[in-house]
Amino acid sequence: MREGEPGLALRPAAVLVPVVDRPEGLSVLLTKRTDHLHHHPGQISFPGGRVERADTSAVMTALRETQEEIGLGAERIELLGELAEYATGTGFSVTPVVGLVHPPFTLQLDAFEVAEAFEVPLTFLLDPANRQRHRMEYQGRMREYYAIPYRDHFIWGATAGILVQLGRFVGVGEGG
């Protein structure tokens, strides 16, 4: 999926799409980034970040960043696979790595990067009725993006786009 500029050199990144296996049903663990960060301040996101030189795969990047940002160790995560790369308008090529998270776990948020962590029912996120399409001008171009409002959170941009991609992968229609 692509929302970035054609021909733009993209920086590789990876995120974990952490699907938590709760007795009441599956949920997705999301974070709210702190307001002072340079990239995507205050936005709702998946744990993840740019690929570092020592990372040998997108999975390694996603797991390392998840451990660093929210303290969730790889031993609690069952890897399910990767979704297609997602090119952002801000110059990243993001590989979403989907993992099933097995409770119990205790999060340790990196206070510099993560303001909050919360879970949203997977059924809510995948329901096309909960998706919106928005438009905004960015760097002189009109861009369209998905948004999924949930309680007092506004999930949008790459995070919402990756959730829509996950929905397509599991056979949920477009909607929104």
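See the structure above.
A brief report on the enclosed structure follows. (Residues numbered from 1 in each chain as written. Predicted model: local features only at pLDDT ≥ 70, side-chain atom pairs only at ≥ 80, totals over all residues. Heavy atoms only, no water.)

## Section: the overall build of the chain
Next up, step 1: Along the chain, the regular secondary structure elements total 3 helices and 11 strands.
Next up, step 2: In the chain, the succession of α and β elements from N to C terminus is β-β-β-β-α-β-β-β-β-α-β-β-β-α.
Next up, step 3: Across the 176 residues in the chain, those meeting the buried criterion constitute 44%.
Next up, step 4: Put simply, of all contacts in the chain between residues at least 6 apart along the chain, 61% involve residues at least 24 apart. (Helix = DSSP H or I, 4+ residues; strand = E, 2+ residues; numbered from the N terminus. Buried < 20%, exposed > 50% of the residue type's maximum accessible area, 1.4 Å probe, protein only. Contact = heavy atoms within 4.5 Å.)

## Describing the side chain of Ser93
Next up, step 1: You can see Ser93 is positioned in strand β7 (residues 92-101).
Next up, step 2: A polar contact of 2.7 Å, which involves the side chain of Ser93, links it to the side chain of Glu85.
Next up, step 3: The contact partners of Ser93, leaving out residues within four places of it in the chain, are Leu10, Arg11, Pro12, Ala13, Glu85, Tyr86 and Ala87. (Polar contact = N/O pair within 3.5 Å; in protein donor to acceptor, adjacent residues only side chain to side chain.)

## What to know about helix α3 (residues 157-169)
Next up, step 1: Spanning 13 residues, α3 covers 18 Å between terminal C-alpha atoms, matching the ideal 18 Å at 1.5 Å per step.
Next up, step 2: Of all 13 residues in α3, 10 are buried, a share of seventy percent or more.
Next up, step 3: Among the residues making up α3, those that are buried are Gly157, Thr159, Ala160, Gly161, Ile162, Leu163, Val164, Gln165, Leu166 and Gly167.
Next up, step 4: Just past α3, the residue Gly171 takes up positive phi, approximately 90°. (Expected span 1.5 Å × (residues − 1).)

## Structural notes on the layout of surface pockets
Next up, step 1: Approximately 170 Å³ is the volume found for the second largest pocket.
Next up, step 2: Together, 13 residues line the second largest pocket, and Leu80, Val98, Leu166, Phe169 and Val170 are the ones closest to its centre.
Next up, step 3: Every element with two or more residues in the lining of the second largest pocket is listed here: β5 (77-82), β7, α2 (122-126) and α3.
Next up, step 4: A per-element tally of the lining of the second largest pocket places β5 first, with 3 residues.
Next up, step 5: Along the lines of polarity and charge, the residues of the lining of the second largest pocket split into 11 nonpolar, 1 polar and 1 charged. (1 Å grid on protein atoms, 1.4 Å probe; cavity = no way out; pocket = protein on both sides within 12 Å on 5 of 7 lines; lining within 4 Å. Points joined across faces, edges and corners; volume = space filled by probe spheres on them. Nonpolar A, V, L, I, M, F, W, Y, C, P; charged D, E, K, R; others polar.)

## Here we look at the environment of Glu75
Next up, step 1: Structurally, Glu75 is set in the loop between α1 (58-70) and β5.
Next up, step 2: By relative accessible area, which is 64% here, Glu75 ends up exposed.
Next up, step 3: Spatially, the C-alpha atoms of Glu75 and Val101 are 9.1 Å apart, while their sequence positions differ by 26 residues.

## Brief notes about the packing of aromatic side chains
Next up, step 1: All told, the structure shown has 2 aromatic pairs when counted by the stated rule.
Next up, step 2: Seen in terms of ring centroids, Phe124 and Tyr150 are 4.9 Å apart; in terms of plane orientation they differ by 65°. Their pairing is edge-to-face. Here Phe124 is found in helix α2, whereas its partner Tyr150 is found in strand β10 (residues 141-150), with 26 residues between them in sequence.
Next up, step 3: Phe124 sits in the partly exposed class, given a relative accessible area of 24%.
Next up, step 4: Given a relative accessible area of 9%, Tyr150 falls into the buried group. (Phe/Tyr/Trp six-rings, centres within 6.5 Å; stacked < 30°, edge-to-face > 60°.)

## Some words on unusual backbone geometry
Next up, step 1: In this chain, Pro103 is followed by Pro104 through a cis amide linkage whose omega measures 5°.
Next up, step 2: Following the sequence through the fold, Pro104 ends up in the loop between β7 and β8 (114-121).
Next up, step 3: One non-glycine residue, Arg151, adopts positive backbone phi at about 50°.
Next up, step 4: Mapping Arg151 onto the fold places it in the loop between β10 and β11 (153-156).
Next up, step 5: A relative accessible area of 74% means that Arg151 is categorised as exposed.

## A few points about the pairing of strand β1 (residues 11-22)
Next up, step 1: Where β1 meets β7, 10 bridges bridge the pair, whose relative direction is parallel. Directly across from Leu16, in β7, lies its bridge partner Val97.
Next up, step 2: Sheet topology note: the β1/strand β4 (residues 48-50) ladder contains 3 bridges and is antiparallel. The partner of Ala14 across the bridge, within β4, is Gly49.
Next up, step 3: Of the pairings in the sheet, the one linking β1 to strand β2 (residues 25-33) comprises 4 bridges and is antiparallel in character. Bridge pairing in β2 places Val20 opposite Ser27. (Pairing = 2+ DSSP bridges.)

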